[in-house]
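# A structural walkthrough
Here are the chains, one letter per residue:
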Amino acid sequence: MNPLRRTFLKGTGAAGTLAVALAAGLLKPGQVLAGEWNKAAFEAHGIIDALKGIGAGSPIDSKDIAIKAPDIAENGAVVPVEVTSKIPGTEQISIVVEKNDRPLIAVFNLLNGAEGFVSTRIKMSQTSAVKILVKAGGKMYTASKEVKVTIGGCGG
């Protein structure tokens, strides 16, 4: 079979399935859109402003937040990070890298009792603390881990 034809048929089938789901009301366009963009927090150049932007004025240290990240990252452009929160009622997990030009890396909103777990890859410009902030029950909790970077990832 012609590879171009096969690709066309797969694309047509996927588009048709999506159209049927939309028409049946199984998938609503508002459900697939990302949350509102917190421009001030993500564009902040200092950690204090980034923390203020996500409402983390004075977070409480917690041992119920587990961070899995390498001790030494060979390439700062792709640093794997896994976060597990055992704090009951976890609503939000944020990742901040203190020495990045723009320290706020990600904010994950966990809805409807979702498990407090996220896994992603982040960019780090230099050796720094990776700080995790967890919002639960209207309070902010924090934990951090130092990650050494041998090759910079943010323009380094």
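The following paragraphs examine the structure supplied in this document.

## Remarks on the side chain of Lys131
In this structure, Lys131 sits in strand 8 (residues 128-136). Once residues lying within four places of it in the same chain are set aside, the contact partners of Lys131 are Ile47, Ser94, Ile95, Val96, Glu98, Thr142, Ala143 and Ser144.

## Comments concerning the pairing of strand 4 (residues 79-85)
Along strand 4, the buried face is formed by Val79, Val81, Val83 and Ser85; none of Pro80, Glu82 and Thr84, which line the opposite face, is buried. Bridge analysis of strand 2 (residues 65-68) against strand 4 gives four bridges, and the strand direction is antiparallel. Of the residues in strand 4, the one forming a bridge with Ile65 is Ser85. Pairing of strand 4 with strand 7 (residues 117-122) involves six bridges; the strand directions are antiparallel. Looking at strand 7, one finds that Val79 is bridged to Ile122.

## Examining the sheet that holds strand 4
The three strands are arranged 2-4-7 in an open sheet whose pairing can be described as antiparallel. Looking at the sheet topology across the chains shown, the edges are occupied by strand 2 and strand 7. Averaged over all neighbouring strand pairs, the angle between strand axes comes to 15°, with direction disregarded.

## Thoughts on the nonpolar core
If you look at the biggest cluster of nonpolar residues, it comprises 23 residues, and the most contacted ones within it are Ile65, Val81, Ile122, Met124, Val130 and Ile132. Of all the elements in the fold, those that place two or more residues in this core are strand 2, strand 4, strand 5 (90-97), strand 7, strand 8 and strand 9 (139-149). Every residue in contact with Ile122, bar those within four places of it in the chain, is listed here: Gly76, Ala77, Val78, Val79, Val81, Ile95, Val97, Ile105 and Val130. By size, the runner-up hydrophobic cluster in this structure holds 11 residues, among which are Ala41, Ala44, Ala56 and Leu133.

Procedures and definitions
Residues numbered from 1 in each chain as written. Predicted model: local features only at pLDDT ≥ 70, side-chain atom pairs only at ≥ 80, totals over all residues. Heavy atoms only, no water. Helix = DSSP H or I, 4+ residues; strand = E, 2+ residues; numbered from the N terminus. Contact = heavy atoms within 4.5 Å. Buried < 20%, exposed > 50% of the residue type's maximum accessible area, 1.4 Å probe, protein only. Pairing = 2+ DSSP bridges. Axes fitted to C-alpha atoms, helices over the stretch in contact; angles between N-to-C directions. Core = buried A, V, L, I, M, F, W, Y, C linked by side-chain atoms within 4.5 Å.

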